[in-house]
Amino acid sequence: APAMAAGADGREEAAAGAAPGSEDEADALPPVSVRKLSGECVGEFGLGADAHAAQLKQAVYEAGGPPPSEQKLIAGHVVLADTDTVRAVLATSCAPMIFLVTMKGCPSCEGPCSCSLCGCKPEYGLIDYYGVCKACGACGGHASGCSFCMMRFPSLCALDVHVRFSHQDEYLSGNWNTARLDEHKRRQRAQPGVTLCVQPAEGTFMEACRGGLGPSLG
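Residues numbered from 1 in each chain as written. Predicted model: local features only at pLDDT ≥ 70, side-chain atom pairs only at ≥ 80, totals over all residues. Heavy atoms only, no water.

1. Details of the overall build of the protein chain
In terms of helices and strands, the protein chain carries six helices and nine strands. In the protein chain, which comprises 218 residues, the share counted as buried stands at 34%. Of the contacts formed within the protein chain by residues at least 6 apart in sequence, a portion of 49% connects residues at least 24 apart. By element, 54% of the accessible surface of the protein chain is carried by carbon and sulfur atoms, the whole surface being about 12500 Å². (Helix = DSSP H or I, 4+ residues; strand = E, 2+ residues; numbered from the N terminus. Buried < 20%, exposed > 50% of the residue type's maximum accessible area, 1.4 Å probe, protein only. Contact = heavy atoms within 4.5 Å. Areas by Shrake-Rupley, 256 points an atom, 1.4 Å probe, with all protein chains shown as cover.)

2. What to know about the nonpolar core
Core analysis: the largest hydrophobic core is formed by 20 residues, its most contacted members being Val34, Phe45, Leu56, Leu80, Val86 and Ile98. For this core, the secondary structure elements donating two or more residues are β3 (32–36), β4 (41–45), α2 (53–62), β5 (71–75), α3 (86–93) and β7 (98–102). With four residues, the top contributor of residues to this core is α2. Counting residues in hydrophobic clusters, the runner-up holds twelve residues, among them Cys146, Leu156, Leu159 and Val163. (Core = buried A, V, L, I, M, F, W, Y, C linked by side-chain atoms within 4.5 Å.)

3. Considering the environment of Ser147
Positionally, Ser147 belongs in the loop between β8 (144–145) and β9 (152–153). Of the residues examined, Ser147 reaches a relative accessible area of 55% and is grouped as exposed. For Ser147 and Pro107, which are 40 residues apart along the polypeptide, the C-alpha to C-alpha distance reads 8.7 Å.

4. Remarks on the packing of helix α4 (residues 156–166) against helix α6 (residues 179–190)
It is at 9 Å that the axes of α4 and α6 come closest, and there the two elements cross at 110°. By the angle between their directions, the pair α4 and α6 is classed as roughly perpendicular. Along the contact surface, α4 presents Leu156, Cys157, Asp160, Val161 and Arg164, while α6 presents Arg180, Leu181 and His184. Considered class by class, the residues forming the contact of α4 with α6 number four nonpolar, one polar and three charged. (Axes fitted to C-alpha atoms, helices over the stretch in contact; angles between N-to-C directions. Parallel < 35°, antiparallel > 145°, perpendicular 65-115°, else oblique. Nonpolar A, V, L, I, M, F, W, Y, C, P; charged D, E, K, R; others polar.)

5. Focus on the confidence of the model for the protein chain
The pLDDT averaged across the protein chain works out to 81; a share of 81% of its residues lies at or above 70. Note on residues 1–22: pLDDT under 50 across the span, and 51 contacts to partners over four residues away in sequence or across chains. (pLDDT = per-residue confidence, 0-100.)

6. A few points about α6
With twelve residues, α6 should reach 16 Å at 1.5 Å per residue; the first-to-last C-alpha distance of 16 Å fits that figure. Along α6, the residues that are buried comprise Arg180, Leu181 and His184. Projected onto a plane normal to the axis of α6, the buried residues spread over an arc of 95° and lie on a single side. Those residues of α6 that are exposed and angled more than 90 degrees off the buried face are Arg189 and Ala190. Residues of α6 that are buried sit in contact with α4 and α5 (168–172). (Expected span 1.5 Å × (residues − 1). Arc of directions from axis to C-beta.)

7. A word on the pattern of salt bridges
Across all of its chains, the model carries six salt bridges by this definition. A salt bridge links Lys185 to Asp182; the nearest nitrogen and oxygen atoms lie 3.8 Å apart. Residue Lys185 and its partner Asp182 are both found in helix α6; the two are separated by three residues, about one turn of the helix. Residue class for Lys185 comes out partly exposed when judged on its relative accessible area of 33%. One salt bridge connects Glu183 with Arg186, and the closest N-O pair in it is separated by 2.7 Å. Here the residue Glu183 and the residue Arg186 both occupy positions in helix α6, the gap between them amounting to three residues, near one helical turn. (Salt bridge = Lys/Arg side-chain N within 4 Å of Asp/Glu carboxyl O.)

What follows is the structure, encoded as structure tokens:
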């Protein structure tokens, strides 16, 4: 049977699969309280003894919270990995509740980003706004795809500029995050003459040089 999560607005949402084990097991344990850093209650969630953080993230999402890929759950000084057992972390950290931090997710990746140039472990925040991998310092190993056409770019900055001029109606109608490009322009004005963008690694993102065509099969 699905566990029930009571959201901050008093509504109850079914969190299917949020707690392994029987419903009686979850009912016998105190609910797990999730709050924002501001103290606002996100919800009280009935979880089984072996429920993982990934399941709590899904329950938070089904109760009206952000997508699991944009959630960071914190107990005390511990950031929960998806495979961590929630109640075990709460017990060892002596934390009375879980805090939820919402991260700005990559619009192209449903989950952590990866770099094809160095093959490092995928993680959130791996690729910066200019497409640079924090592990290898190179640009070109991660693609930011346009949701309005088929084009892909080596950085979110390049993608934002593309949407700004090629899909102006979408950009101005609120269907796109305009704050990133505004911040980039503010940084440019504050650092005149400084180049913020990075050239992609040789051999990557060659579509413009090939007139939009893929690699030659000959």
